[in-house]
Amino acid sequence: MHTAAFQKLGINAVYLPFLITEEQLPQLLNAFSITGVQGFNITLPFKEKIVPFLDLLSNEAEMLQSVNTVVRTDSGWKGYSTDGSGFVRSLSAAKIDILSKKILIVGAGGAARSVAVSLAIAGASDFVIYNRTESKAEALSGLLQRVSPEISVRVAPLEDCAADIVINTTSVGMSDGKCPVPDEIIFGSKQIVDIIYNPAVTTLLKKAADKSIPNINGLDMLLYQGIEAFELWTGTQAPLEIMRNSLIGSVYSDTSKDRD
Ligand code: NAP
(Lines give C-alpha, C1' and ligand atoms only; values in the text may rest on other atoms or scores of the structure.)
Protein backbone atom coordinates (compact mmCIF):
# COMPACT_ATOMS: atom_id res chain seq x y z
CA MET A 1 0.00 0.00 0.00
CA HIS A 2 2.92 2.33 0.63
CA THR A 3 4.51 1.86 -2.77
CA ALA A 4 1.08 2.38 -4.41
CA ALA A 5 0.74 5.63 -2.44
CA PHE A 6 4.27 6.81 -3.39
CA GLN A 7 3.48 6.16 -7.05
CA LYS A 8 0.14 7.97 -6.86
CA LEU A 9 1.74 11.06 -5.30
CA GLY A 10 4.88 10.97 -7.50
CA ILE A 11 7.16 10.46 -4.48
CA ASN A 12 10.46 8.83 -5.44
CA ALA A 13 10.39 6.07 -2.83
CA VAL A 14 9.71 2.37 -2.37
CA TYR A 15 8.68 0.22 0.59
CA LEU A 16 10.66 -3.02 0.86
CA PRO A 17 10.63 -5.99 3.24
CA PHE A 18 13.82 -7.05 5.05
CA LEU A 19 14.13 -10.23 7.09
CA ILE A 20 16.57 -9.72 9.96
CA THR A 21 17.73 -11.31 13.20
CA GLU A 22 17.78 -9.62 16.60
CA GLU A 23 21.59 -9.37 16.51
CA GLN A 24 21.37 -7.43 13.24
CA LEU A 25 19.13 -4.64 14.64
CA PRO A 26 21.96 -2.14 15.42
CA GLN A 27 23.68 -2.87 12.09
CA LEU A 28 20.38 -2.36 10.29
CA LEU A 29 19.96 1.10 11.83
CA ASN A 30 23.53 2.01 10.85
CA ALA A 31 22.94 0.81 7.31
CA PHE A 32 19.67 2.75 7.08
CA SER A 33 21.39 5.87 8.49
CA ILE A 34 24.10 5.96 5.85
CA THR A 35 21.90 4.95 2.91
CA GLY A 36 19.33 7.73 3.34
CA VAL A 37 16.38 5.58 4.37
CA GLN A 38 13.69 8.00 5.59
CA GLY A 39 11.71 5.61 7.73
CA PHE A 40 10.53 2.07 8.21
CA ASN A 41 8.10 -0.20 10.00
CA ILE A 42 9.25 -2.83 12.42
CA THR A 43 7.08 -5.79 13.31
CA LEU A 44 6.95 -8.87 15.52
CA PRO A 45 9.09 -9.94 17.30
CA PHE A 46 11.10 -6.69 17.36
CA LYS A 47 8.55 -4.02 18.35
CA GLU A 48 9.96 -3.83 21.90
CA LYS A 49 13.52 -4.89 21.11
CA ILE A 50 14.19 -1.91 18.85
CA VAL A 51 13.35 0.66 21.56
CA PRO A 52 16.86 0.87 23.17
CA PHE A 53 18.41 1.58 19.75
CA LEU A 54 16.24 4.61 18.98
CA ASP A 55 17.07 8.25 19.77
CA LEU A 56 13.55 9.54 20.46
CA LEU A 57 10.11 8.09 21.22
CA SER A 58 6.61 9.53 20.77
CA ASN A 59 4.51 9.74 23.95
CA GLU A 60 2.51 6.67 22.98
CA ALA A 61 5.62 4.63 22.15
CA GLU A 62 7.15 5.75 25.45
CA MET A 63 4.10 4.57 27.40
CA LEU A 64 3.98 1.25 25.57
CA GLN A 65 7.75 0.75 25.23
CA SER A 66 6.84 -0.58 21.80
CA VAL A 67 7.38 0.82 18.30
CA ASN A 68 6.04 -0.13 14.89
CA THR A 69 7.06 2.97 12.89
CA VAL A 70 10.44 4.70 12.82
CA VAL A 71 11.12 8.10 11.25
CA ARG A 72 14.45 9.78 10.44
CA THR A 73 14.60 13.17 12.17
CA ASP A 74 17.32 15.81 12.61
CA SER A 75 17.87 14.40 16.12
CA GLY A 76 18.08 10.77 15.02
CA TRP A 77 15.63 7.87 14.67
CA LYS A 78 12.24 8.52 16.31
CA GLY A 79 9.92 5.62 17.18
CA TYR A 80 6.13 5.77 17.05
CA SER A 81 3.38 3.28 17.74
CA THR A 82 0.63 3.70 15.14
CA ASP A 83 -1.31 0.46 15.77
CA GLY A 84 -3.46 1.98 18.51
CA SER A 85 -3.93 5.40 16.92
CA GLY A 86 -4.70 3.64 13.63
CA PHE A 87 -7.27 1.54 15.48
CA VAL A 88 -8.94 4.64 16.94
CA ARG A 89 -9.01 6.24 13.48
CA SER A 90 -10.64 3.10 12.08
CA LEU A 91 -13.42 3.37 14.71
CA SER A 92 -13.89 7.01 13.93
CA ALA A 93 -14.08 6.24 10.17
CA ALA A 94 -16.81 3.68 10.98
CA LYS A 95 -18.59 6.32 13.12
CA ILE A 96 -18.23 4.21 16.26
CA ASP A 97 -18.55 6.45 19.32
CA ILE A 98 -16.31 5.38 22.23
CA LEU A 99 -17.19 8.12 24.72
CA SER A 100 -19.34 7.08 27.70
CA LYS A 101 -19.34 3.47 26.48
CA LYS A 102 -18.30 0.41 28.45
CA ILE A 103 -15.55 -1.25 26.44
CA LEU A 104 -14.51 -4.89 26.82
CA ILE A 105 -10.95 -5.61 25.73
CA VAL A 106 -10.48 -9.33 25.14
CA GLY A 107 -6.75 -10.07 25.29
CA ALA A 108 -3.76 -8.38 26.88
CA GLY A 109 -0.95 -8.87 24.36
CA GLY A 110 0.88 -6.25 22.31
CA ALA A 111 -2.14 -5.30 20.18
CA ALA A 112 -4.39 -5.06 23.24
CA ARG A 113 -1.95 -2.68 24.93
CA SER A 114 -1.77 -0.41 21.86
CA VAL A 115 -5.53 -0.43 21.35
CA ALA A 116 -6.42 0.15 25.01
CA VAL A 117 -3.89 2.95 25.56
CA SER A 118 -5.00 4.79 22.41
CA LEU A 119 -8.67 4.40 23.37
CA ALA A 120 -7.89 5.90 26.80
CA ILE A 121 -5.97 8.77 25.20
CA ALA A 122 -8.94 9.33 22.86
CA GLY A 123 -11.30 9.69 25.82
CA ALA A 124 -12.71 6.22 26.51
CA SER A 125 -13.17 5.99 30.25
CA ASP A 126 -14.86 2.71 31.16
CA PHE A 127 -12.95 -0.53 30.52
CA VAL A 128 -13.28 -4.17 31.45
CA ILE A 129 -10.43 -6.50 30.48
CA TYR A 130 -10.46 -10.26 30.09
CA ASN A 131 -7.39 -12.31 29.22
CA ARG A 132 -6.63 -16.03 29.41
CA THR A 133 -3.55 -15.21 31.50
CA GLU A 134 -5.00 -12.99 34.22
CA SER A 135 -1.67 -11.48 35.32
CA LYS A 136 -1.29 -9.87 31.88
CA ALA A 137 -4.81 -8.42 32.13
CA GLU A 138 -3.85 -6.94 35.52
CA ALA A 139 -0.68 -5.47 34.00
CA LEU A 140 -2.71 -3.86 31.21
CA SER A 141 -5.18 -2.50 33.77
CA GLY A 142 -2.26 -0.93 35.66
CA LEU A 143 -0.91 0.60 32.45
CA LEU A 144 -4.31 2.14 31.64
CA GLN A 145 -4.55 3.63 35.11
CA ARG A 146 -1.12 5.21 34.71
CA VAL A 147 -2.10 6.64 31.32
CA SER A 148 -5.38 8.04 32.59
CA PRO A 149 -5.86 7.85 36.40
CA GLU A 150 -9.50 8.94 36.26
CA ILE A 151 -10.75 6.04 34.10
CA SER A 152 -12.65 3.05 35.41
CA VAL A 153 -10.95 -0.25 34.61
CA ARG A 154 -11.44 -3.71 36.02
CA VAL A 155 -10.25 -7.20 35.22
CA ALA A 156 -13.04 -9.77 35.13
CA PRO A 157 -13.85 -13.35 34.15
CA LEU A 158 -15.60 -13.62 30.77
CA GLU A 159 -19.03 -14.32 32.27
CA ASP A 160 -18.85 -10.97 34.09
CA CYS A 161 -17.75 -8.90 31.09
CA ALA A 162 -20.95 -7.40 29.62
CA ALA A 163 -20.10 -4.25 27.63
CA ASP A 164 -21.39 -1.90 24.93
CA ILE A 165 -18.38 -2.42 22.67
CA VAL A 166 -16.54 -5.76 22.55
CA ILE A 167 -13.05 -5.71 21.04
CA ASN A 168 -11.24 -8.96 20.33
CA THR A 169 -7.48 -8.39 20.32
CA THR A 170 -6.50 -12.07 20.67
CA SER A 171 -5.51 -14.36 17.84
CA VAL A 172 -8.46 -16.63 18.66
CA GLY A 173 -10.46 -17.00 15.43
CA MET A 174 -7.53 -16.33 13.10
CA SER A 175 -6.89 -19.91 12.09
CA ASP A 176 -8.89 -22.05 14.50
CA GLY A 177 -12.48 -21.01 13.68
CA LYS A 178 -13.07 -20.44 17.40
CA CYS A 179 -14.94 -17.60 19.08
CA PRO A 180 -13.12 -15.73 21.89
CA VAL A 181 -16.28 -14.66 23.79
CA PRO A 182 -19.50 -16.44 24.81
CA ASP A 183 -22.75 -15.76 22.95
CA GLU A 184 -24.36 -13.86 25.85
CA ILE A 185 -21.61 -11.25 25.79
CA ILE A 186 -21.84 -10.89 22.00
CA PHE A 187 -25.63 -10.67 21.92
CA GLY A 188 -25.74 -8.21 24.82
CA SER A 189 -23.36 -5.77 23.12
CA LYS A 190 -24.05 -2.94 20.67
CA GLN A 191 -20.83 -3.17 18.64
CA ILE A 192 -18.35 -5.96 17.95
CA VAL A 193 -14.81 -5.24 16.75
CA ASP A 194 -12.41 -8.02 15.81
CA ILE A 195 -8.92 -6.79 15.01
CA ILE A 196 -8.27 -9.96 13.01
CA TYR A 197 -8.53 -9.15 9.29
CA ASN A 198 -7.78 -12.55 7.78
CA PRO A 199 -10.23 -14.26 7.61
CA ALA A 200 -12.34 -11.19 6.85
CA VAL A 201 -15.29 -12.74 8.72
CA THR A 202 -14.32 -14.56 11.89
CA THR A 203 -16.74 -16.72 13.87
CA LEU A 204 -17.15 -13.78 16.29
CA LEU A 205 -18.11 -11.41 13.47
CA LYS A 206 -20.45 -13.96 11.88
CA LYS A 207 -22.32 -14.46 15.17
CA ALA A 208 -22.71 -10.69 15.51
CA ALA A 209 -23.85 -10.29 11.89
CA ASP A 210 -26.42 -13.09 12.27
CA LYS A 211 -28.04 -11.07 15.08
CA SER A 212 -27.68 -7.77 13.17
CA ILE A 213 -25.18 -6.41 15.69
CA PRO A 214 -22.88 -3.84 14.04
CA ASN A 215 -19.41 -5.28 13.53
CA ILE A 216 -16.08 -4.53 11.86
CA ASN A 217 -12.90 -6.49 11.30
CA GLY A 218 -9.26 -5.36 11.61
CA LEU A 219 -8.61 -4.38 8.00
CA ASP A 220 -9.14 -0.68 8.63
CA MET A 221 -6.89 -0.83 11.70
CA LEU A 222 -4.17 -2.19 9.43
CA LEU A 223 -4.96 0.45 6.81
CA TYR A 224 -4.94 3.39 9.23
CA GLN A 225 -1.77 2.35 11.07
CA GLY A 226 -0.19 2.44 7.61
CA ILE A 227 -1.76 5.79 6.77
CA GLU A 228 -0.38 7.27 9.99
CA ALA A 229 3.08 5.85 9.22
CA PHE A 230 2.96 7.21 5.65
CA GLU A 231 2.04 10.67 6.92
CA LEU A 232 4.84 10.59 9.51
CA TRP A 233 7.41 9.62 6.86
CA THR A 234 6.30 12.02 4.14
CA GLY A 235 4.51 14.87 5.93
CA THR A 236 1.89 14.45 3.18
CA GLN A 237 -1.75 13.41 3.41
CA ALA A 238 -1.99 9.75 2.45
CA PRO A 239 -4.16 8.73 -0.53
CA LEU A 240 -6.71 6.66 1.40
CA GLU A 241 -8.54 4.83 -1.39
CA ILE A 242 -5.35 3.95 -3.30
CA MET A 243 -3.91 2.46 -0.13
CA ARG A 244 -7.14 0.65 0.79
CA ASN A 245 -7.43 -0.94 -2.66
CA SER A 246 -3.80 -1.97 -2.65
CA LEU A 247 -4.15 -3.47 0.82
CA ILE A 248 -7.31 -5.39 -0.04
CA GLY A 249 -5.57 -6.73 -3.17
CA SER A 250 -2.60 -7.99 -1.20
CA VAL A 251 -4.34 -9.24 1.98
CA TYR A 252 -7.17 -11.14 0.32
CA SER A 253 -5.40 -12.46 -2.75
CA ASP A 254 -2.10 -13.36 -1.10
CA THR A 255 -2.28 -16.72 0.62
CA SER A 256 1.10 -16.23 2.33
CA LYS A 257 -0.68 -14.07 5.00
CA ASP A 258 2.23 -11.75 5.83
CA ARG A 259 2.21 -10.49 9.42
CA ASP A 260 0.97 -6.96 10.12
P1 NAP B 1 0.39 -11.28 21.28
O2 NAP B 1 1.10 -10.14 21.89
O3 NAP B 1 1.08 -12.58 21.12
O4 NAP B 1 -0.94 -11.51 22.18
C5 NAP B 1 -1.80 -12.59 21.90
C6 NAP B 1 -3.07 -12.48 22.74
O7 NAP B 1 -3.97 -13.53 22.34
C8 NAP B 1 -2.83 -12.67 24.24
O9 NAP B 1 -3.79 -11.93 24.97
C10 NAP B 1 -3.08 -14.19 24.40
O11 NAP B 1 -3.45 -14.57 25.70
C12 NAP B 1 -4.25 -14.37 23.47
N13 NAP B 1 -4.37 -15.75 23.00
C14 NAP B 1 -3.61 -16.37 22.08
N15 NAP B 1 -4.05 -17.64 21.91
C16 NAP B 1 -5.12 -17.80 22.74
C17 NAP B 1 -6.01 -18.87 23.00
N18 NAP B 1 -5.89 -20.04 22.36
N19 NAP B 1 -7.01 -18.68 23.89
C20 NAP B 1 -7.15 -17.48 24.53
N21 NAP B 1 -6.33 -16.42 24.32
C22 NAP B 1 -5.33 -16.58 23.44
O23 NAP B 1 -0.17 -10.92 19.83
P24 NAP B 1 -0.66 -9.48 19.29
O25 NAP B 1 0.43 -8.82 18.59
O26 NAP B 1 -1.34 -8.79 20.42
O27 NAP B 1 -1.72 -9.93 18.17
C28 NAP B 1 -2.98 -10.48 18.51
C29 NAP B 1 -3.89 -10.51 17.29
O30 NAP B 1 -4.11 -9.20 16.80
C31 NAP B 1 -3.35 -11.31 16.09
O32 NAP B 1 -4.43 -12.03 15.54
C33 NAP B 1 -2.86 -10.25 15.14
O34 NAP B 1 -2.90 -10.65 13.78
C35 NAP B 1 -3.88 -9.15 15.39
N36 NAP B 1 -3.36 -7.81 15.05
C37 NAP B 1 -4.05 -7.10 14.11
C38 NAP B 1 -3.60 -5.83 13.75
C39 NAP B 1 -4.32 -5.04 12.69
O40 NAP B 1 -3.75 -4.07 12.17
N41 NAP B 1 -5.57 -5.36 12.37
C42 NAP B 1 -2.45 -5.30 14.38
C43 NAP B 1 -1.79 -6.05 15.37
C44 NAP B 1 -2.28 -7.32 15.70
P45 NAP B 1 -2.32 -14.98 26.78
O46 NAP B 1 -1.79 -13.71 27.34
O47 NAP B 1 -3.08 -15.79 27.78
O48 NAP B 1 -1.28 -15.78 26.05
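Residues numbered from 1 in each chain as written. Predicted model: local features only at pLDDT ≥ 70, side-chain atom pairs only at ≥ 80, totals over all residues. Heavy atoms only, no water.

> Just to check I follow, could you spell out the pairing of strand S4 (residues 76–80) for this structure?
Each regular strand carries side chains that alternate between the two faces of the sheet. Judged from the 2 bridges that link them, strand S2 (residues 56–57) and S4 form a sheet pairing that is parallel. When the bridges of S4 are listed, Leu 56 appears paired with Lys 78. Here strand S3 (residues 69–73) pairs with S4 via 5 bridges, running antiparallel. What sits directly across from Val 71, in S4, is Lys 78. (Pairing = 2+ DSSP bridges. Helix = DSSP H or I, 4+ residues; strand = E, 2+ residues; numbered from the N terminus.)

> Is there a simple way to think about the packing of helix H4 (residues 82–93) against helix H9 (residues 219–234) in this case?
At their nearest, the axes of H4 and H9 sit 7 Å apart, and the two run at 120° to each other. Pair H4 / H9 crosses with right-handed handedness. Every residue of H9 that contacts H4 at Thr 82, Asp 83, Ser 85, Gly 86, Phe 87, Arg 89, Ser 90 and Ala 93 is listed here: Asp 220, Met 221, Tyr 224, Gln 225, Ile 227, Glu 228, Ala 229, Glu 231 and Leu 232. Its residues assigned to classes, the contact of H4 with H9 shows 7 nonpolar, 5 polar and 5 charged. (Axes fitted to C-alpha atoms, helices over the stretch in contact; angles between N-to-C directions. Left-handed = near helix turned anticlockwise from the far one by under 90°. Contact = heavy atoms within 4.5 Å. Nonpolar A, V, L, I, M, F, W, Y, C, P; charged D, E, K, R; others polar.)

> Which parts of the structure should I look at to understand the pattern of salt bridges?
Two side chains carrying opposite charge are able to pair once their charged atoms lie near each other. In the structure shown here, the tally under the stated rule is 11 salt bridges. For Asp 97, the salt bridge is made with Lys 101, and the minimal N-O distance between the two is 3.4 Å. Among the residues examined, Asp 97 registers a relative accessible area of 43% and is labelled partly exposed. The salt bridge partner of Lys 102 is Asp 126, with a shortest N-O separation of 3.2 Å. You can see Lys 102 sitting in strand S5 (residues 102–106) and its partner Asp 126 sitting in strand S6 (residues 126–130), a full 24 residues away along the chain. On the accessibility criterion, Lys 102 (25% relative accessible area) is partly exposed. For Asp 126, a relative accessible area of 22% corresponds to the partly exposed category. When salt bridges with common partners are traced through the structure, they connect Arg 89, Glu 228 and Glu 231 into a single cluster. (Salt bridge = Lys/Arg side-chain N within 4 Å of Asp/Glu carboxyl O. Buried < 20%, exposed > 50% of the residue type's maximum accessible area, 1.4 Å probe, protein only.)

> Where do I start with the site of the ligand in this structure?
Among the 21 residues in the neighbourhood of the ligand, the closest are listed as Ala 111, Asn 131, Thr 133, Lys 136 and Ile 195. Within the backbone of Gly 109, a nitrogen or oxygen atom sits 3.5 Å from an oxygen atom of the ligand. One of the backbone nitrogen or oxygen atoms of Ala 111 is found 2.8 Å away from an oxygen atom of the ligand. Burial of the ligand by the protein chains amounts to 78% of its free accessible area of 920 Å². Mapped by element, the contributors of at least two residues to the shell around the ligand are helix H5 (110–121) and H9. Within the shell around the ligand, the residues separate by chemical class into 9 nonpolar, 9 polar and 3 charged. (Near = heavy atom within 4 Å. Polar contact = N/O pair within 3.5 Å; in protein donor to acceptor, adjacent residues only side chain to side chain. Areas by Shrake-Rupley, 256 points an atom, 1.4 Å probe, with all protein chains shown as cover.)

> I tried to follow a nonpolar patch on the surface on my own but got confused; where do I start?
Together, Val 14, Leu 16 and Phe 18 give the surface a local cluster of nonpolar side chains, amounting to about 340 Å² of exposed area. Looking at the secondary structure, you find Val 14 in the loop between helix H1 (2–9) and helix H2 (25–35). (Patch = residues over 30% accessible without salt bridge, like charges linked within 9 Å, V, L, I, M, F, W, Y side chains within 5 Å.)

> Can you help me understand the sheet that holds S4 in this one?
Remark on secondary structure: sheet strands pair via backbone hydrogen bonds, oriented parallel or antiparallel. The strand order across the open sheet formed by 4 strands is S1-S3-S4-S2, and the pairing between neighbours is mixed. Of all strands in the sheet, those with a lone pairing partner are strand S1 (39–41) and S2, marking the two edges. With 3 bridges joining them, S1 and S3 adopt antiparallel strand pairing. For Phe 40, the partnering residue across the bridge sits in S3 and is Val 70.

> Looking at this structure, I do not really get unusual backbone geometry. What am I missing?
It is generally the case that most residues other than glycine have a negative phi and that most peptide bonds are trans. Looking along the chain, the bond that leaves Leu 44 and enters Pro 45 is cis, with omega of 5°. Note on placement: Pro 45 falls in the loop between S1 and S2. Here the bond from Asn 198 into Pro 199 is cis, since omega is 10°, no more than 30 degrees from zero. In the Ramachandran plot, Lys 95 falls in the positive-phi region, its phi being about 60° despite a non-glycine side chain. Among the secondary structure elements, Lys 95 is positioned in the loop between H4 and S5. Positive phi outside glycine occurs at Ser 100, with the angle close to 60°. Within the secondary structure, Ser 100 is located in the loop between H4 and S5.

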